[in-house]
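Okay, here's what each chain looks like letter by letter:
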Amino acid sequence: MQSNPLRIGTRGSALALAQAHETRDRLMAAHGLSESDFEIEVIKTSGDRIQDRPLSEVGGKGLFTKEIEEALLDGRIDLAVHSSKDMPTVLPDGLALTAFLPREDVRDAFLSPKAGTLTDLPQGAVVGSSSLRRQAMIKKLRPDIEVVMYRGNLQTRLRKLAEGEVDATLLAAAGLNRLGLEKEITSLLSIEEFLPAVGQGAICIESRENDDATLKMLAAIHDQETQIRLDAERAFLAVLDGSCRTPIGGLATLEGETLHFKGIVLKPDGSEAHEAEQSGPVAEAIQIGKSVGETLKSKMGPGFLTGQ
């Protein structure tokens, strides 16, 4: 066991800190350590600073990881805790996703003081969301709804909703659960009608590939089932886009030694969508994800991925 405190890098939002604390607490329990054996370093990312534009316009998912990954490569931190859905499919050389915690609820939550479900919202209601996937899927289900850009951390979005800036919003159920905010959820969207983002509900840990001491510590808290599911989902995403410029949803589930994968890709305005699914042995998780991605790619016409 290393003698120096293990340095955990994270973004500074309440949710990011909750995820870092969960990781620390699991490591403490697994190795008989105390809080003094860890340091949590808050790192502000470009994605946190840019709040006035969609991420797709200014660089995509990497905006939430770039500065944290630089700290990893420089040796300023030993590991980084991320929301898996924020992770680009291509990581910097020398870094890898080396552990996953058990996955939380993957569903999207509907929050509104004006309706019980998305379907129940009145004609022309205003829904706030910064996710291209959620925006497109809302428009697919309810073309009459106005969807507006809705950036900010979870607490900011809840405040805007309470102030009446929008009639409703969608958030990841997992984030609300981790912060003890389940009571804010009006209803949950079924995965059958509203496929979640790749990696939604899963905490991943990134570290240096050659840091054997940290890798050994992380092995004790790693959840293999979550990794298998995320391997398929990230392989699927890599085939199609890999950033956040395209509305994409995908979910892998396990039943015994069988993995089932379902994916969807939509035009940004929700006017066109393609779905595909496939099942197979767990050992072929990555290939299954890729195969579903290739199937969807073959269904899309020229310009689909760019929304033209």
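Just above, that's the structure.
Predicted, not measured: the structure shown is a model, and the values here were computed from it.

## Considering the pattern of salt bridges
Link 1 in the chain: One pass over the full model with this rule turns up 20 salt bridges.
Link 2 in the chain: Among the ionic pairs, Glu272 bridges to Lys267, the shortest N-O distance being 3.6 Å.
Link 3 in the chain: Residues participating in the shared-partner salt-bridge network are Arg7, Asp78, Arg208 and Asp211.

## What about the sheet that holds strand β6 (residues 126–128)?
Link 1 in the chain: The sheet built from five strands is open, its strands ordered β7-β6-β8-β5-β9 with mixed pairing. If you trace the sheet from one side to the other, it starts and ends with β7 (146–148) and β9 (187–188), each paired once.
Link 2 in the chain: Along the sheet, helix α5 (residues 132–141) makes contact with β5 (108–111), β6, β7 and β8 (168–172), crossing β8 at roughly 130°.
Link 3 in the chain: With respect to the sheet, helix α6 (residues 154–162) is in contact with β5 and β8, its orientation differing from that of β8 by roughly 160°.

## Re the packing of helix α9 (residues 224–240) against helix α10 (residues 285–299)
Link 1 in the chain: Two numbers describe how α9 lies on α10: the axes approach to 7 Å, and their chain directions differ by 30°. By the angle between their directions, the pair α9 and α10 is classed as roughly parallel. Pair α9 / α10 crosses with right-handed handedness. Along its contact with α9, which presents Ile228, Asp231, Ala232, Ala235, Phe236, Val239 and Leu240, the element α10 presents Ala285, Ile286, Gly289, Lys290, Val292, Gly293, Glu294, Leu296 and Lys297.

Parameters at a glance
- Residues numbered from 1 in each chain as written.
- Predicted model: local features only at pLDDT ≥ 70, side-chain atom pairs only at ≥ 80, totals over all residues.
- Heavy atoms only, no water.
- Salt bridge = Lys/Arg side-chain N within 4 Å of Asp/Glu carboxyl O.
- Pairing = 2+ DSSP bridges.
- Helix = DSSP H or I, 4+ residues; strand = E, 2+ residues; numbered from the N terminus.
- Contact = heavy atoms within 4.5 Å.
- Axes fitted to C-alpha atoms, helices over the stretch in contact; angles between N-to-C directions.
- Parallel < 35°, antiparallel > 145°, perpendicular 65-115°, else oblique.
- Left-handed = near helix turned anticlockwise from the far one by under 90°.

Remember that the coordinates give geometry; whether it matters functionally is a separate question.
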